[in-house]
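Here's the letter readout for the chains.
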Amino acid sequence: MPMFRAARGTRDLLPPERVGLARLERIASDLAARYGYRPIETPLFEQSAVFERGIGEVTDVVEKELFLLAPREEDGERWALRPEPTAGIVRAYVQHGMQTWPQPVKVTMTGSMFRYDRPQAGRFRQFWQFDVEAIGDPGPAIDAEIIELAARFYRDAGLPAVTILLNSIGDSVCRPAYIEELSAYYRAHIGDLPPLERARLERAPLRLLDSKDERVIALNAAAPQITDRLCDACAAHFAAVRTHLHAVGVEYQLEPKLVRGLDYYTRTAFEVYPAGATGQQSAIGGGGRYDGLVELLGGRPTPGIGFGLGLDRVLLALGTAGIAPTPEPAPVAVVVGSDPVDTITRLRIATELRGAGIVARAELGNRKLGKQLEAAARDGAHFAVIIGDELADGHVQLRDLEAGTQRPVSVSSLARELERATKSHRHGEAKQL
RNA sequence: GUGGCCUUAGCUCAACCGGCAGAGCAGCGGAUUGUGGUUCCGCAGGUUAUGGGUUCGACCCCCAUAGGCCACCCCA
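Residues numbered from 1 in each chain as written. Chains lettered and ligands numbered in written order. Predicted model: local features only at pLDDT ≥ 70, side-chain atom pairs only at ≥ 80, totals over all residues. Heavy atoms only, no water.

## Regarding the overall build of chain A
Then, in step 1: The helix and strand tally for chain A stands at 14 helices and 16 strands.
Then, in step 2: For chain A, whose C-alpha radius of gyration is 28 Å, the value lies well above the compact-globule estimate of 22 Å for 433 residues.
Then, in step 3: Across the 433 residues that make up chain A, the buried fraction comes to 47%.
Then, in step 4: Considering only intrachain contacts with a sequence separation of at least 6, the fraction spanning at least 24 residues in chain A is 68%.
Then, in step 5: Working note: accessible area of chain A is about 22,400 Å², and carbon and sulfur atoms make up 54% of it.
Then, in step 6: Looking at charge distribution, chain A has the averaged site of its 52 positive side-chain charges lying 3 Å from that of its 57 negative ones. (Helix = DSSP H or I, 4+ residues; strand = E, 2+ residues; numbered from the N terminus. Rg over C-alpha atoms; globule rule 2.2 N^0.38 Å. Buried < 20%, exposed > 50% of the residue type's maximum accessible area, 1.4 Å probe, protein only. Contact = heavy atoms within 4.5 Å. Areas by Shrake-Rupley, 256 points an atom, 1.4 Å probe, with all protein chains shown as cover. Lys, Arg positive; Asp, Glu negative; His and termini not counted. Charge placed at Lys NZ, Arg CZ, Asp CG, Glu CD.)

## Details of the sheet that holds strand E3 (residues 67-69)
Then, in step 1: Strand order in the open sheet formed by 3 strands is E2-E4-E3, and the pairing between neighbours is antiparallel. Looking along the sheet, the strands with just one partner apiece sit at the ends: strand E2 (45-47) and E3. This sheet shows a mean twist of 35° between the axes of neighbouring strands, independent of strand direction.
Then, in step 2: With 3 bridges connecting them, E2 and strand E4 (residues 79-81) associate as antiparallel partners. Residue pairing across strands places Gln47 opposite Trp79, the latter belonging to E4.
Then, in step 3: Its contacts with the sheet place helix H2 (residues 48-55) against E2, E3 and E4, and it is angled at close to 80° to E2. (Pairing = 2+ DSSP bridges. Axes fitted to C-alpha atoms, helices over the stretch in contact; angles between N-to-C directions.)

## Things to note about the pattern of salt bridges
Two side chains that carry opposite charge are able to pair once their charged atoms sit near each other.
Then, in step 1: Inspection of the entire model under this criterion finds 21 salt bridges.
Then, in step 2: We note a salt bridge from Glu145 to Lys106, for which the minimum N-O separation is 3.5 Å. Taken as a pair, Glu145 in helix H5 (residues 141-157) and Lys106 in strand E5 (residues 105-114) lie far apart in primary sequence, 39 residues in all.
Then, in step 3: Glu145 sits in the partly exposed class, given a relative accessible area of 31%.
Then, in step 4: The salt bridge partner of Glu417 is Arg407, with a shortest N-O separation of 3.0 Å. Of this pair, Glu417 sits in helix H14 (residues 414-432) while Arg407 sits in strand E16 (residues 405-410), placing them 10 residues apart in sequence.
Then, in step 5: We classify Glu417 as buried; its relative accessible area is 15%.
Then, in step 6: Three or more residues are tied together by salt bridges with common partners; here these are Asp143, Arg289 and Asp291. (Salt bridge = Lys/Arg side-chain N within 4 Å of Asp/Glu carboxyl O.)

## Here we look at the domain arrangement of chain A
Then, in step 1: Under the domain assignment used here, chain A contains domain 1 (15-174 + 230-320) and domain 2 (333-432).
Then, in step 2: Averaged C-alpha coordinates put domain 1 and domain 2 at centres separated by 48 Å. (Domains from an automatic or database assignment.)

## Notes on empty space enclosed by the protein
Then, in step 1: Scanning the entire structure with this criterion turns up 3 cavities of 30 Å³ or more.
Then, in step 2: The space that makes up the largest cavity amounts to roughly 50 Å³.
Then, in step 3: Around the largest cavity, the lining residues are Asn167, Ile169, Arg175, Tyr178, Leu206, Leu209, Ile226, Pro256, Leu258 and Val259.
Then, in step 4: Grouping the amino acids of the lining of the largest cavity by side-chain chemistry returns 8 nonpolar, 1 polar and 1 charged. (1 Å grid on protein atoms, 1.4 Å probe; cavity = no way out; pocket = protein on both sides within 12 Å on 5 of 7 lines; lining within 4 Å. Points joined across faces, edges and corners; volume = space filled by probe spheres on them. Nonpolar A, V, L, I, M, F, W, Y, C, P; charged D, E, K, R; others polar.)

## Things to note about helix H11 (residues 311-320)
Then, in step 1: Taken together, the buried positions of H11 are occupied by Leu311, Asp312, Arg313, Val314, Ala317 and Leu318.
Then, in step 2: Each element contacted by the buried residues of H11 is listed here: helix H1 (15-34), E5, strand E6 (126-135), H5, strand E9 (266-274) and strand E11 (304-310).

## Examining the pairing of E5
Then, in step 1: Of all 10 residues that make up E5, 9 are buried, and the element is covered over most of its length.
Then, in step 2: Inspection of the sheet shows strand E1 (residues 38-39) paired to E5 by 2 bridges, in the parallel sense. Bridge pairing in E5 links Arg38 to Val107.
Then, in step 3: Where E5 lies against E6, 10 bridges are found, and the strand directions are antiparallel. Residue pairing in the sheet places Val107 in a bridge with Glu133 of E6.

## Comments concerning a nonpolar patch on the surface
Then, in step 1: A cluster of nonpolar residues, Leu44, Phe45 and Trp79, forms a patch on the protein surface that exposes about 260 Å² of accessible area.
Then, in step 2: Tracing the sequence through the fold places Leu44 in the loop between E1 and E2. (Patch = residues over 30% accessible without salt bridge, like charges linked within 9 Å, V, L, I, M, F, W, Y side chains within 5 Å.)

See the structure below:
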């Protein structure tokens, strides 16, 4: 057993996996830029009150999943690693007076989030999320734009089919009355509720809607639905979101039982699942409107909407869908030399090639030539530069590792020759496809 | 946080009823020292997750701990 190992719920992303994540990060940042979202970065941790106030004291995320940091001083501030990006970004919006910026403020952030759950496949204590937030626009067009952005991300990432679940969960005008009506409904059938669900009824009645208990599912068939109880303003907003979504060709599925785990959501709420499976820890994205959050964190009343997606889970979904990650670009040249000690020449030539923009990996060990070529071939290199006796009159061998042919090339023209060879090599590949 | 299943080499897995821990892959080296992915040979890699217990004897049975996984909870 190793003396140390990565902490529970965390893991090392080794090169193949990290490369996949980097690819998703690139897709995400390209996408966000095209929609006019600019990068922002908030600290990995905040005063825990930011999350407690923002996300809600009685949510699972705050109650049992907050990754708390022990204060060093007796009366020190209480900190927590961020479990989601929105609260921190809204805190920054308020702190820096972004309400004086042109509205809406559209920002994007990609990075690690932390939740102190019990780990499982696809559920980690540290995970990677891509997030966009548009603060200062009441919608509904921006709601549709963000959902369309979300849909496009999965397409760009190569995930063929995803299911977007959409709902409106009302606002402070209509939701309290709905919750009251829903609670009353459950109380009227309290005899049919298992003890666990009875306890939840008092604390988070909305949660009963997505219960997996069969008796509750049966009850839910006749339960009042939020979408039938929206106030006029919320109903009009919801209808308009859907009209806009239709206009930009985004397909979605209405899910009146969709409730989100964070208190700050209002009106538009949505979640994304890989085609087929829903439930468990398979959600690969989610978001919604949070019109009260800015005020809650000390700012002026300001509407906002955001979307976050789990890059880990997208990677996982790509894997289970059997979609191969794009291969790493092959190095075009590996410098090998028969002289076991002439690392100076190898380094010099490799440096020169890299300066010319060529991917060059130098063999700096003293393995014999055969081993070096073997390693280069296995590495997927297309060409090898062989340094040998010809160096005396300024030449090296340029070997095509796939064709198995080689010819002497002067060191001074090596970069040029390689560039030309690489180009024709790519043409050859294109023809093969 | 609750319940259950699992843990043997870097990876995937063997090892009869409790009786000497093995293979494939990956890694490294060699096959008469300037030419490669195949092939052949070899080397290295283990306190059987960790700590206790039972036993003449434990990879195997029992307990605890850690980690992983599944379900719940909940989300990304």
